[in-house]
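Commentary on secondary and tertiary structure
Chain by chain, the residues:
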Amino acid sequence: MTAVTIAWNRFGLGARPTDRPPADPARWVMSQLERFDVRPAAIAARPTTAEGVAELTEFLTMRRQARQMQSVDPMDKPSATARRDIQQSLMDDMAARGLVAIQSDTPFAERLVHFWANHFAVSVAKRQTSGLVGPHEFEAIRPHIMGSFRDLLQAAVLHPAMLTYLDQAQSTGPNSPLAQRAARRQAREAGINENLAREIMELHTLGVGGGYSQADVTEFARAMTGWTVAGLPRARQATLLPNSAAWAGYQHEPGAKTVMGRRYNEEGAKQSLAMLDHFATHPSTARHIATKLARHFASDDPPPAMVARLERAFLESNGDLPTVYRALVASPEAWSNDAPKFRTPWDWSIAALRAVGMEQIPSRNFAGMLRELGQVCWGPAAPKGYDDIAASWAAPDALIRRVEVAERLARQAGPRDAMALAQALFPDALNDGTAAAIRRAESGTQALALLLASPEMMRR
Amino acid sequence: MTMLDRRSLLITGGAAGALFALSPAIAFARAATERRLLFVLQRGAADGLATLAPVGDPDFERLRGPWAEQALTGARADSFFTIHPNLSAVTGLYASGEAAFVHATASSYRERSHFDAQNLIESGGAKPYAVRDGWLNRLVGMLPPDGSRALALAPAIPLALQGANRTSSYAPSNLPEASAELSERVSALYSSDPLLSSLWEEALRTREMAGDTQMRNLRNAQQTGQLAASLMNGAEGARIMMVESNGWDSHAGQPNQIGGALERLDAFLGAFRTALGESWQDTLVVVATEFGRTAKPNGTNGTDHGTAGAAMLMGGTVAGGRVIADWPGLKQNDLYEARDLMPTLALEAVLAGAIAEHFSLDPARAMVTLFPGRSATAKTGLLRT
C-alpha cells in the first residue's frame, strides 16, 4: 500500500472513481478536521431527537391503551401501523448515514463519527430506541467529535437514546420523593438500575481495570438517578435540558456520594455531571480511548508506542479530540504497511458503493444489505458496540456474502472499464493477482465484481 | 445423506477443475468420531433462579415476591426445584432422564462485566483477554483429525471457535447466490492470499453441507434447531457446533423477557432433538451463560448483573433427570457479596468433565487444555458413558 492508498482506505472510506490522489496524503487527512460538515443536507432532513422522543412516548401511550383494552396481543393491533412507521423511519436514518458516507469529501471525519457512535453504542436490538438511535448519532455525536471528550461524553450518555437503551430513564432513588410517594401508596417499590452507570465507567470512559469497584458503580448509579426522558410515564414533569436530556429531581436519590475516593455534595443534576467530568479526564480514560483509536486506525494489536503517544495527547490537552486525532495521523504506525485492517461489513459496503460511484441509496435495500453482511447498522448485540478486529469479521460465510453482494452491485453499476477503475482506486497498490483476474474476466460485470471482492477491497 | 443441492452445481457444472479439489467428498473422509457436542451460549447473563427456581428454599419467596408464585407453576424437577413453565421440551427430556441441570455454578470470573465474562467463557482463560483463542477451538485439537469439524451457526465465528484449528461458520441469508462462474474465479483470485483462500474454501464446503434451505435468517428458533441438526447429522456433519442465544439481559420487565427467551431456547432445543434423530444418542448439548443475575429484583422489575446461575446438560449420553448442585442458600449471608447467588460449583469443571467423558478424553488433560490455570478439578460422573 502507498501513502495515498492508506489515506484513502485506512483513514478514509475508500476512493471514488473521480478522486485524484492528494499530493500530501497526511495533510489531506488532517485538513478534514476543519472541513467537516456537522449537518449535511441528508441528515438535516431527518427527524430530530425531540421528534423521536414524541414518537416514542406516543407509541408507549398507544401500547398502554391497547393493554387497558385487553387486546390479545398488546404489542400488535392498534400500534402495528405506528411500529411500521418507526421501522421505516429507522431505515431512512440508516440510509441517510450511508448517503453521507458515500458522498463525503471528508471521509476521515465520517470515520470518526462512526467510531464514536460505536464507542457510545445504542443498539436497535432494543426496540424502543428505533426512533432515537439515528438522532443520537446526528445530534449528540456529530456536533461534538471535533470538541472535547468531556462534552462528547455528556451529550452521548445523557441523550434520550442512551437513557432508554441502558434503562437509566426508569432508575429511581429508593429515598427519592417519587419512591416515598409510591411507598405511601403501597405501590411497587421503585429502585436503582445501575446498567448505564456501569457501562459509562466500563465502556465509555475508564475501561475495564480502570480503577473502580462495584461500590463505585452503585454510588455513581445513585447519583445518576434523575436523568430521564421527558414525556415518559414517570417523567412527565421532568425539566428539559440542552441536548434533549431531562432532569427529574423527584426521581433522584438525595445525599452526598463518594465515587473513586472523591466526595460529591448533593447538587441535583450537577452531582453526576461532576462525576462524568472526573471520568472524562481520568488517566484510565486517556489510556482506554488511545487504545481503541490505535486499534481502529493502525492494527488489531495496538502498537504500544502509538497508544502512549495518543494517551499523552489526550491528557496534555485535557481531552481535546482534534489534538488526539492530529497525534493519530502523525503516528508512523498508522501508515505502516505491515498489518492492514480487515474491513468490517460496514466499511466494506461503503467502500464498495464509493468504488462504483453510487450516488443514491435505497433505504430498504441498504439496511437489508448490511444485515445480510452481518453488521446491522447501529445494531451491535451489546453496549460494547461492534468489535474492531479481523477475527470477528473474517469468517467464511461472511466472505461468501460479500462476494454475493459484489456481484449484485456490479450488475447494478452497469458497464465500465474495471481495469481503469482498479488502477484509479489503488494507484501503485494493485496486486498482480487482482489485475490478472480482472484482465481475464469473461465480462465487464464479472471484472467489476472481482474488483469489489478483491483482497485490496477486503482490507484497509 | 444426499449432497445434490444447489451448491453442487458449483462443482459439477462447467469447467470446475480447480474447484473439484475442494469438494467435500474428498475433503471429508469418514469422521473418526460419532460423538457430537452442541454448545449454546446464552449471551447477556441468564437468570438461573428463573430458569430453575429453588421453590423449596424458605428464602426464595421473600426474595422474589410475585415472581416466586409464578415459579410454582413450573414442573417439579425434584422436591426443591421447579423448571420454568416455558421449558416444556427440556422438561420432557428431563423426565426421560436425558437432561440435567447444574445450579449455583459460575466461571472463575467474579466481576460483572458482560464482555469480560463472555471473553472468559469463550476463551477459557482465567483472566479476561489473557487467552487469545477459544476453548472450543482447542477442543478440536484434542479430537481425532478429520472427525472434528467445528462450526458456528452464525454469520461470523465467535471467539470460542477462533484459533489455530480450522473452524467455520454458517447462517442462512436472503442474498442471491453468486454465480458459479464468479465463484470459480474468486477461488483463483484468492489463491495467493492465505487468509481469504482458506475462508473461501471453508465457506464453499459449509454451504454445501447446509443444502438448499428455505431459511433466510436465524430468527425462527424451531427452524434454527432443525438446521443445526442437519449440519450435525451424517458422517460429514459437524462434530462441534456453537449456537448463540440472545435476549437474557433482563434489567427491566424480567418475567416477560425471560419468558420469551426461554420459550425460544426451548423451541430450538426441542426441534434440534427431534431433527437429530438417532444421532441424539451420541450427542451432548451444553447450555451456559456468562454469569447469573442478582438474587433480588431491582427497582425496575428486573435484575442486575450477578454471579452464579444455572447451566443445562442434555443428550443421549447425559445421566439426566437430576439437578447437580451444592445449594448455597438464599439468606442474606449466604449470597455472594450479599446480592448474588453464591457459586459453589466451577462451570469450567462441569464443562471439562462432561466433555472429557463424552469424547473419552482424560479429564485432567481436558481441564488444563480447555481451561488453563484453574484450581478446580474436572467434574466427572455427569454422563452415563
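Residues numbered from 1 in each chain as written. Chains lettered and ligands numbered in written order. Predicted model: local features only at pLDDT ≥ 70, side-chain atom pairs only at ≥ 80, totals over all residues. Heavy atoms only, no water.

1. Remarks on the overall build of chain B
The helix and strand inventory of chain B stands at 15 helices and twelve strands. Taking 21 Å as the expected radius of gyration for a compact globule of 385 residues, we find that chain B reaches 21 Å, a close match to that expectation. For chain B, the spread of C-alpha atoms along the principal axes amounts to about 70 × 40 × 35 Å. Considering chain B as a whole, with its 385 residues, one finds that 63% of them fall into the buried category. (Helix = DSSP H or I, 4+ residues; strand = E, 2+ residues; numbered from the N terminus. Rg over C-alpha atoms; globule rule 2.2 N^0.38 Å. Buried < 20%, exposed > 50% of the residue type's maximum accessible area, 1.4 Å probe, protein only.)

2. Notes on the pattern of salt bridges
All names here are of chain A. Throughout the structure, instances matching the rule amount to 44 salt bridges over all chains. With a shortest N-O distance of 2.8 Å, Glu110 and Arg142 are connected by a salt bridge. You can see Glu110 sitting in helix H6 (residues 107-119) and its partner Arg142 sitting in the loop between helix H7 (133-141) and helix H8 (149-157), a full 32 residues away along the chain. As far as the burial class goes, Glu110 and Arg142 line up, both buried. (Salt bridge = Lys/Arg side-chain N within 4 Å of Asp/Glu carboxyl O.)

3. Description of the interface of chain A and chain B
Taken together, the 55 residues of chain A in the interface contact 51 residues of chain B. Carbon and sulfur atoms make up 57% of the area that chain A and chain B hide from each other, which totals about 4400 Å². In this structure, the connection of chain A to chain B is made through five salt bridges. Arg339 of chain B serves as the salt-bridge partner of Glu194 of chain A, at 3.5 Å between the closest nitrogen and oxygen. Where chain A touches chain B, the interface holds 17 residue pairs in polar contact (both at pLDDT 80 or more). Only helix H11 (195-204), helix H18 (363-372), helix H19 (390-393), helix H20 (396-413), helix H22 (432-440), helix H23 (444-452) and helix H24 (455-458) of chain A provide two or more residues apiece to the side of chain A that touches chain B. Here the element with the most residues in the side of chain A that touches chain B is H20 of chain A; it accounts for eleven residues. Residue composition of the side of chain A that touches chain B, by class: 23 nonpolar, twelve polar and 20 charged. (Contact = heavy atoms within 4.5 Å. Buried area = accessible area lost by both parts, 1.4 Å probe. Polar contact = N/O pair within 3.5 Å; in protein donor to acceptor, adjacent residues only side chain to side chain. Nonpolar A, V, L, I, M, F, W, Y, C, P; charged D, E, K, R; others polar.)

4. Considerations on unusual backbone geometry
Keep in mind that most residues, glycine aside, have a negative phi and that most peptide bonds are trans. For Asp167 of chain A, which is not glycine, the phi dihedral falls at a positive 65°. Considering the arrangement of structural elements, one finds Asp167 of chain A in the loop between helix H9 (160-165) and helix H10 (177-184). On the basis of relative accessibility, which here comes to 4%, the residue Asp167 of chain A falls in the buried class. Located in the positive-phi region is Ala45 of chain B, a residue other than glycine, with phi close to 75°. Relative to the helices and strands, Ala45 of chain B is located in the loop between strand E1 (36-42) and helix H4 (48-51).

5. Overview of the sheet that holds strand E2 (residues 239-240) of chain A
Residue and element names in this part refer to chain A. Spatial ordering of the open sheet is given by E1-E3-E2, a layout of three strands whose pairing is antiparallel. Each edge of the open sheet is held by one strand with a lone partner, namely strand E1 (227-228) and E2. Alignment of E2 against strand E3 (residues 246-247), held across two bridges, turns out to be antiparallel. Paired with Thr239 across the strands is Trp247, a residue of E3. (Pairing = 2+ DSSP bridges.)

6. Looking at the side chain of Asp304 of chain B
With respect to the helices and strands, the residue Asp304 of chain B is situated in the loop between strand E9 (283-289) and strand E10 (309-314). We note that Asp304 of chain B is buried and unpaired, the nearest opposite charge coming from Arg293 of chain B at a distance of 5.3 Å. Polar contacts involving the side chain of Asp304 of chain B include one to the side chain of His251 of chain B, which spans 2.7 Å. Filtering out sequence-adjacent residues up to four positions away, Asp304 of chain B remains in contact with Ile192, Asn193 and Glu194 of chain A together with His251, Arg293, Thr294, Asn298 and Arg339 of chain B. (Lys, Arg positive; Asp, Glu negative; His and termini not counted.)

7. Considerations on the environment of Val259 of chain A
Residue and element names in this part refer to chain A. You can see Val259 is positioned in strand E4 (residues 257-259). Taking C-alpha positions, Val259 is 9.1 Å from Ser213, a pair spaced 46 residues apart along the chain. Excluding anything up to four places from it in sequence, Val259 contacts Met201, Asp216, Glu219, Phe220, Tyr264, Met275 and Phe279.

8. A closer look at the nonpolar core
Within the largest apolar cluster, 162 residues are counted, with the highest numbers of intra-cluster contacts made by Phe108, Trp116, Phe120, Phe149, Phe220 and Phe279 of chain A together with Tyr190 of chain B. By residue number, the principal contributor to this core is helix H5 (residues 80-103) of chain A, which donates eleven residues. For Phe279 of chain A, the contacting residues outside a window of four places in its chain are Ile200, Met201, Thr205, Leu206, Phe220, Val259, Met260 and Thr285 of chain A. (Core = buried A, V, L, I, M, F, W, Y, C linked by side-chain atoms within 4.5 Å.)

9. A look at the pairing of E9 of chain B
Residues and elements named next belong to chain B. Counting buried residues along E9, seven of its seven residues qualify, which places the element largely inside the surrounding structure. Residue alternation in E9 divides its side chains into two sets, Thr283, Val285, Val287 and Thr289 and Leu284, Val286 and Ala288, and both sets are buried. By the bridge criterion, seven bridges tie E1 to E9 in an arrangement that is parallel. Bridge assignment links Arg36 to a residue of E9, and that residue is Thr283.

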